[in-house]
Amino acid sequence: MSTETDPVTDPATGAPAAWGEPRSRTVTWYDPMVIAAGGRERSGLETLQAMRDGVLPPAPIGALVQMDVVSVEEGRVEFGCTVDESVYNPIGVVHGGLVCTLLDTVAGCAVHTTLPQGVGYTSIELKVTYLRAVTQASGRLTAVGTVVKPGRRVAFAEGQVLDAAGKVVATASSSLLVFPLPG
């Protein structure tokens, strides 16, 4: 059957009409090397404060998942995330990978706040526990990361994600490798 004459197929997209109207979201980001260069001139805490204050651009992943820095202090960060149906999985809830990304981000950034200039980090291990499903109706998510134990080689952090009603939707524990950044 030709899609041009099939009344159940959208002639513009070729998609079945039962799928409904197509939706889209535009993502805009800035050169991540600007952040990296700015971070080499600052401590981890100063870097995240500069991102929060708009001195440095946000990380591209933040634009992609609609996440932003809310508050920063040594050993603790808070990020917000607006969820919509663009991050739904096939069963109609927010994909767990988005929640995991939030937890990995706040655990890492909490550790970042404890690091001096010229020192970076990367996740070694992340254990996530999902406690409830997240949907668009959950409202804006708040992700909080705290350092459990800073370290010169390995650091440990925890994170939690709360929905707009303040209910914890997921938690995580993380270990992170600490290393000098290449010059």
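Being a predicted model, the structure only gives us computed values, none of them experimental.

(A) Broad picture of the pattern of salt bridges. For the structure shown, the criterion picks out five salt bridges. Between Glu85 and Arg23 there is a salt bridge, with its nearest N and O atoms 2.3 Å apart. Residue Glu85 is located in the loop between β2 (76–81) and α4 (96–112), and its partner Arg23 is located in the segment before α1 (32–40); the two are separated by 62 residues in the primary sequence. Exposure remark for Glu85: the relative accessible area of 37% places this residue in the partly exposed category. Its relative accessible area of 65% is what places Arg23 among the exposed residues. Asp68 is paired through a salt bridge with Arg140; the nearest N and O atoms lie 2.5 Å apart. Of this pair, Asp68 sits in strand β1 (residues 67–73) while Arg140 sits in the loop between β3 (119–130) and β4 (141–149); the two residues are 72 residues apart in sequence, bridging distant segments of the chain. Given a relative accessible area of 35%, Arg140 falls into the partly exposed group.

(B) Up close: α4. For α4, which comprises 17 residues, the first-to-last C-alpha distance of 24 Å matches the rise-based estimate of 24 Å (1.5 Å per residue) to within 8%. With twelve of its 17 residues buried, α4 lies for the most part within the structure. Among the residues of α4, Leu98, Val99, Leu102, Leu103, Thr105, Val106, Ala107, Gly108, Cys109, Ala110, Val111 and His112 are the ones counted as buried.

(C) Fine view of the sheet that holds β4. Strand order across the open sheet formed by six strands is β1-β2-β4-β5-β6-β3, with antiparallel pairing between neighbours. Two strands bound the open sheet, and with one partner strand each, they are β1 and β3. Averaged over neighbouring strand pairs, the angle between their axes works out to 25 degrees when direction is ignored. Alignment of β4 against strand β5 (residues 154–162), held across seven bridges, turns out to be antiparallel. Along β5, the bridge assignment pairs Thr146 with Glu158. Together, β1 and β2 form the strand contacts of helix α2 (residues 44–52), whose direction differs from that of β1 by roughly 130 degrees. This element, α4, spans β1, β2, β3, β4, β5 and β6 (168–180) of the sheet and lies at about 140 degrees to β3.

(D) Here's a closer look at the nonpolar core. Val77, Val83 and Val161 are the most contacted members of the largest nonpolar core, which has 39 residues in total. Elements supplying a minimum of two residues to this core: α2, β1, β2, α4, β4, β5 and β6. Tallying contributions element by element places α4 first for this core, with nine residues. Those residues in contact with Val83, other than ones at most four positions away along the chain, are Val94, Leu98, Val134, Thr135, Gln136, Gly139 and Leu141.

Calculation rules
- Residues numbered from 1 in each chain as written.
- Predicted model: local features only at pLDDT ≥ 70, side-chain atom pairs only at ≥ 80, totals over all residues.
- Heavy atoms only, no water.
- Salt bridge = Lys/Arg side-chain N within 4 Å of Asp/Glu carboxyl O.
- Helix = DSSP H or I, 4+ residues; strand = E, 2+ residues; numbered from the N terminus.
- Buried < 20%, exposed > 50% of the residue type's maximum accessible area, 1.4 Å probe, protein only.
- Expected span 1.5 Å × (residues − 1).
- Pairing = 2+ DSSP bridges.
- Axes fitted to C-alpha atoms, helices over the stretch in contact; angles between N-to-C directions.
- Contact = heavy atoms within 4.5 Å.
- Core = buried A, V, L, I, M, F, W, Y, C linked by side-chain atoms within 4.5 Å.

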